[in-house]
Amino acid sequence: MEVGQMQRQWIDYTRSLFIEGFLDAQFLQLEQLQDDNNPDFVVEVVSLFFQDSHKLLNDLTVALDQKSVDFKMVDAHVHQLKGSSSSIGAQRVKNCCIAFRNLCEEQNIDGCLKCLHQVKQECCLVKNKLETLFRLEQQIMAAGGSIPLMELSF
């Protein structure tokens, strides 16, 4: 595949991630922080997010499995996940966390368990989507191309 075609594929794929709500403008701001001095900045930040979110989701699973659920602790974990997902622009994860926190406030264990399942699902989906995006970027760079600049204009 030629570079121009890969770049168009990257633009279309990236646009779909925004249209489908996986990413928001914060992701574009994160990309703007990347430069020649730190070409893997976004991949590194996103990788750290997924490492942290994996631990938080495990902690939430354990916390919600207790006979007496500490909703303040659950809420603190969800708050942390909401903040970190927001910082990378993972919009659907962040939105799930907002609903999750409301259910923690209500001490709704069934609702919290459903939200936990949904947050896990959304984390997995956005991880797969971003891995595909980063693979496309690697292919473009390996072919001697550059990653097109993206603006929210759709």
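All of these numbers come straight from a predicted model, not from anything done at the bench.

(A) Spatial organisation of the packing of helix α5 (residues 91–105) against helix α6 (residues 109–142). Interaxial distance between α5 and α6 falls to 9 Å at its minimum, and their mutual angle equals 170°. The orientation of α5 relative to α6 falls into the category roughly antiparallel. Side by side, α5 and α6 meet where R92, V93, C96, C97, A99, F100, L103 and C104 of the first sit next to G111, C112, C115, L116, Q118, V119, E122, C123, L125 and V126 of the second. Taken together, the residues of the contact of α5 with α6 break down into 14 nonpolar, two polar and two charged.

(B) Main features of the environment of Q138. Mapped onto the elements, Q138 comes out in helix α6. Along the sequence, Q138 and Q32 sit 106 residues apart, while their C-alpha atoms lie 17 Å from each other.

(C) Representation of the UniProt feature "domain: HPt" (unreviewed entry) in the chain in the model. UniProt records the feature "domain: HPt" (unreviewed entry) for residues 38–143 in the present numbering. Taken end to end, residues 38–143 comprises 86% helix and 0% strand; its first and last C-alpha atoms sit 20 Å apart.

(D) Seen up close, the packing of aromatic side chains. Inspection of the entire model under this criterion finds one aromatic pair. Ring geometry for F49 versus F50: centroids 4.9 Å apart, planes at 70°, classification edge-to-face. Judged by its relative accessible area of 4%, F49 is buried. Between R92 and the ring centre of F22, over which it is positioned, the NZ or CZ distance is 3.9 Å.

(E) Just the nonpolar core, in detail. One finds F27, V46, V74, F100 and L130 to be the most contacted residues of the largest nonpolar core, which totals 44 residues. Those elements giving two or more residues to this core turn out to be α1 (3–19), α2 (25–32), α3 (41–64), α4 (71–88), α5 and α6. By residue number, the principal contributor to this core is α6, which donates eleven residues. Once residues lying within four places of it in the same chain are set aside, the contact partners of L130 are L23, F27, V46 and F50.

(F) Spotlight on the packing of α3 against α6. Where α3 contacts α6, the axes come no closer than 11 Å and their chain directions differ by 160°. What the angle tells us is that α3 and α6 run roughly antiparallel. Crossing angle aside, the handedness with which α3 passes α6 is left-handed. Across the interface between the two elements, V42, V43, V46, F50, S53, L57, L60, T61 and L64 of α3 pack against I109, C112, L113, L116, V119, K120, C123, V126, K127, L130 and F134 of α6. Residue composition of the contact of α3 with α6, grouped by class: 16 nonpolar, two polar and two charged.

(G) Here's a closer look at the pattern of salt bridges. Under the definition given, this model contains six salt bridges. Across the pair K94 and D24 runs a salt bridge, and its minimum N-O distance is 3.8 Å. Taken together, the residues span a long stretch of sequence, with K94 in helix α5 and D24 in the loop between α1 and α2 at a distance of 70 residues. Side by side, K94 and D24 carry an identical accessibility label, which is buried.

(H) How the structure looks around the state of the cysteines. Within the structure shown, the criterion is met by zero disulfides. Lacking any disulfide linkage, C96 is separated from the closest cysteine sulfur, that of C115, by 6.4 Å. C96 sits in the buried class, given a relative accessible area of 6%. Free of any disulfide, C123 has its nearest neighbouring cysteine sulfur in C97, separated by 7.0 Å. Its relative accessible area of 5% is what places C123 among the buried residues.

What counts, and at which threshold
- All residue numbers refer to position in the chain's written sequence, counted from 1.
- For this predicted model, a pLDDT threshold of at least 70 governs which residues receive local features, and a threshold of 80 or more governs which side-chain atom pairs are given and counted, while totals over whole chains, interfaces and linings are taken from all residues.
- Hydrogens and water molecules were not included; the side-chain quantities draw on all heavy atoms of the structure.
- Between N-to-C directions, angles span 0 to 180 degrees; the directions come from axes that are lines fitted to C-alpha atoms, helices contributing only their stretch in contact.
- Going along the chain from the N terminus, every DSSP run of H or I of four or more residues is numbered as a helix, and every run of E of two or more is numbered as a strand.
- Throughout, the term roughly parallel applies to angles under 35 degrees, roughly antiparallel to angles over 145, roughly perpendicular to angles from 65 to 115, and oblique to all others.
- The contact criterion used throughout is that any non-hydrogen atoms of two residues lie within 4.5 Å.
- Residue type decides the class: Asp, Glu, Lys and Arg count as charged, Ala, Val, Leu, Ile, Met, Phe, Trp, Tyr, Cys and Pro as nonpolar, and the leftover types, Gly among them, as polar.
- UniProt positions are given in the numbering used here, feature names are shortened, and annotations may be inferred rather than shown by experiment.
- Any pair of Phe, Tyr and Trp rings, taking the six-membered ring for Trp, is counted once the centres come within 6.5 Å. Such a pair is stacked with planes under 30 degrees apart, edge-to-face with planes over 60 apart, and tilted for the rest.
- Buried residues are those whose accessible area, probed at 1.4 Å on protein chains only, stays under 20% of the maximum for their type, while exposed residues exceed 50% and partly exposed ones sit between those limits.
- For a lysine, the NZ atom is tested; for an arginine, the CZ atom; a charge sits over a ring if that atom is within 6 Å of the ring centre and within 35 degrees of the ring normal.
- Nonpolar cores are built from buried Ala, Val, Leu, Ile, Met, Phe, Trp, Tyr and Cys residues. Side-chain atoms within 4.5 Å join them into one set.
- Each crossing gets its handedness from the near helix: less than a right angle anticlockwise from the far helix is left-handed, clockwise is right-handed.
- When a carboxyl oxygen of Asp or Glu is within 4 Å of a side-chain nitrogen of Lys or Arg, the pair counts as a salt bridge.
- Working definition: a disulfide is two cysteine sulfur atoms within 2.5 Å of each other.

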